[in-house]
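Structural overview for review
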Amino acid sequence: MRKITDITTLGFALFAMFFGAGNLLLPPLIGLAAGQYWGLAISGFGLTGILLPFLGVLSVVNSGETFEDLAGRVHRTVALVLGAVIMLGIGPLIAIPRTAATTYEVGLLPTFPSLSPIWGSVLFFVVTYVLSIRPSKVVDVIGNFLTPVLLVLLLTLIIIGILYPVSDPGTGTGTPVAAFTSGFTEGYQTLDVLASVIFAGIIITAARMKGYTSLKEKNQIVISAGLMAAIFLLLIYGGLVILGATSGYSTGNDIKRAELLLFISNKILGGYGTIAISLSIALACLTTAIALTCAVGTFFSTLFKNKISYEVIVTICCLLSGILSITGVEYIIEVAYPFLAFIYPIVITLVLYVIIFGKKISSKLPYIGAVAGTTLVSTVYLLAGLGIHLAGAERLVHAIPLAEYELWWVLPSFIFFLLFWLIDRFKTKTTKDTV
């Protein structure tokens, strides 16, 4: 019984850590665009928003206890640099400001229309700071108290919306392939694969603090919690996509995600819809912001060997995030894409190759090759997103098989993995022959 309770607490906590601003805002718009192809949209979004984050947790469990253990399969320097880049992305530069901006636009503004975004940001980060400055009880607070309330609110909205749809699924704005691809690429915006390799360490530490110290017990608890979180994510994501597809919202060129979500909630629950979605947004964003702030503080205080304390880093993180959050949700999502298109495939490559080959190939060289191959083509996308176009390189990348599904990194990563594996085998054989 105790084990089930602990799995539930950790599973709810992991769900809440993943389920933040983008996770609530993105699915309805995906469903609206997909229309009758909403099932394909859920499949695409589920791959990058559910399956890959779960594999991210699993890759850390299989490698050790932290992201450094996972990235160390490539190189220690890569672990530090990649870890720092991920932490800045899921921390004060993108994800945390987005949670505060979403809370203001959807959670506070409908009820308090005259509230300044500055005061909304101050209120959000005062609460985040207070609950993040002492991280030891964060998992229990999130898992036992905040998440159950969030799930009840969202499931109520989804169940009523599916049983009594506002309209039939629309015709959508594209093809079946476009629906899948849109779901797949929008899953990048959740940042959950990036977060998964960091959150895994938090959940592993929490499992150890609950007394699961043996490798077998610890892995069982963490994997079970990960599966539980994945199931609830699928229920919520799938439900929100369906609500978007059946919303009857008039499609236009400039649809704001926050406005669509409020439209859906009001159509389904009437006046109570604003209250329900406001509470859901506040809880979803707050739990994610707390977890991310704790992760940022722990990572950088460890990186700097506590020469800069956890408390100082949390303070800086909250201040910087508060300033950036005032720019608004749509702007943050827009400017985040080039960064995500660059870093996301790199982390996915690392996670997948460790999951698939980790127990068979212990040498670091093949994994270095896979990451290098992905980084090479990801750089072309990053430069294009920054307005620096390399016409020949871009044509070459777009010609790569699977590029139309935004999977342009798959073939280069495998070719480089195979090439570096052959080099490693040749070096090993040469060494043995010499001896």
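Cut-offs and rules
- Residues numbered from 1 in each chain as written.
- Predicted model: local features only at pLDDT ≥ 70, side-chain atom pairs only at ≥ 80, totals over all residues.
- Heavy atoms only, no water.
- UniProt positions renumbered as here; feature names shortened; annotations may be inferred.
- Helix = DSSP H or I, 4+ residues; strand = E, 2+ residues; numbered from the N terminus.
- Buried < 20%, exposed > 50% of the residue type's maximum accessible area, 1.4 Å probe, protein only.
- Contact = heavy atoms within 4.5 Å.
- Areas by Shrake-Rupley, 256 points an atom, 1.4 Å probe, with all protein chains shown as cover.
- Lys, Arg positive; Asp, Glu negative; His and termini not counted.
- Charge placed at Lys NZ, Arg CZ, Asp CG, Glu CD.
- Core = buried A, V, L, I, M, F, W, Y, C linked by side-chain atoms within 4.5 Å.
- Domains from an automatic or database assignment.
- Phe/Tyr/Trp six-rings, centres within 6.5 Å; stacked < 30°, edge-to-face > 60°.
- Buried area = accessible area lost by both parts, 1.4 Å probe.
- Salt bridge = Lys/Arg side-chain N within 4 Å of Asp/Glu carboxyl O.
- Polar contact = N/O pair within 3.5 Å; in protein donor to acceptor, adjacent residues only side chain to side chain.
- Nonpolar A, V, L, I, M, F, W, Y, C, P; charged D, E, K, R; others polar.

By the naming in an unreviewed UniProt entry, the protein is Branched-chain amino acid transport system II carrier protein, taken from Sphingobacterium spiritivorum ATCC 33861. Comment text from UniProt for the protein, heading Subcellular location (unreviewed entry), reads "Cell membrane". As stated in UniProt under Sequence similarities (unreviewed entry), the record for the protein gives "Belongs to the branched chain amino acid transporter family."

Let us now look at the overall build of the protein. Each helix and strand counted, the protein has 18 helices and zero strands in total. Oriented by its inertia axes, the alpha-carbon framework of the protein measures out at about 80 × 50 × 40 Å. The burial tally for the protein puts 54% of its 435 residues in the buried class. Relative to all contacts within the protein whose residues are 6 or more apart in sequence, the contacts with residues 24 or more apart total 83%. Surface exposure of the protein reaches about 18700 Å², of which carbon and sulfur atoms provide 70%. For the protein, the distance from the average position of its 24 positive side-chain charges to the average position of its 20 negative side-chain charges is 13 Å.

Here we take up the nonpolar core. Grouped together as the largest cluster of nonpolar side chains are 138 residues, with contacts concentrated most on Phe19, Ile86 and Ile90. Taken domain by domain, the makeup of this core includes at least three residues from each of domain 1 (1-327) and domain 2 (335-434). In contact with isoleucine 86, other than residues within four places in its own chain, are Phe67, Gly91, Leu194, Val197, Ile198, Ile343 and Val347.

Moving on, we get to the packing of aromatic side chains. Taken as a whole and assessed by the stated rule, the structure comprises 13 aromatic pairs. A centroid spacing of 5.1 Å and a plane angle of 85° characterise the contact between phenylalanine 299 and phenylalanine 300, whose relative ring orientation is edge-to-face. In terms of burial, phenylalanine 299 and phenylalanine 300 fall into one category: buried. Aromatic rings pair up to connect Tyr353, Phe357, Tyr367 and Phe417 into one cluster.

Segmentation of the protein into domains returns domain 1 (1-327) and domain 2 (335-434). Here domain 1 and domain 2 have C-alpha centroids that lie 27 Å from each other. Domain 1 puts 33 residues into the contact, and the matching count from domain 2 is 27 residues. Here domain 1 and domain 2 share an interface that buries about 2600 Å² over both sides, 80% of which is from carbon and sulfur atoms. Area buried by domain 1 at its contact with domain 2 is led by Arg73, Val74 and Tyr188, which between them contribute 30% of it. Summed over the shared surface of domain 1 and domain 2, the result is zero salt bridges. For the interface between domain 1 and domain 2, the tally reads six residue pairs in polar contact (both at pLDDT 80 or more). Of all elements in the fold, only helix H3 (38-63), helix H4 (67-71), helix H5 (76-93), helix H9 (176-186) and helix H10 (192-209) reach the threshold of two or more residues within the side of domain 1 that touches domain 2. Per-element accounting of the side of domain 1 that touches domain 2 gives the leading share, eight residues, to H3. Looking at side-chain class alone, the side of domain 1 that touches domain 2 contains 19 nonpolar, twelve polar and two charged residues.

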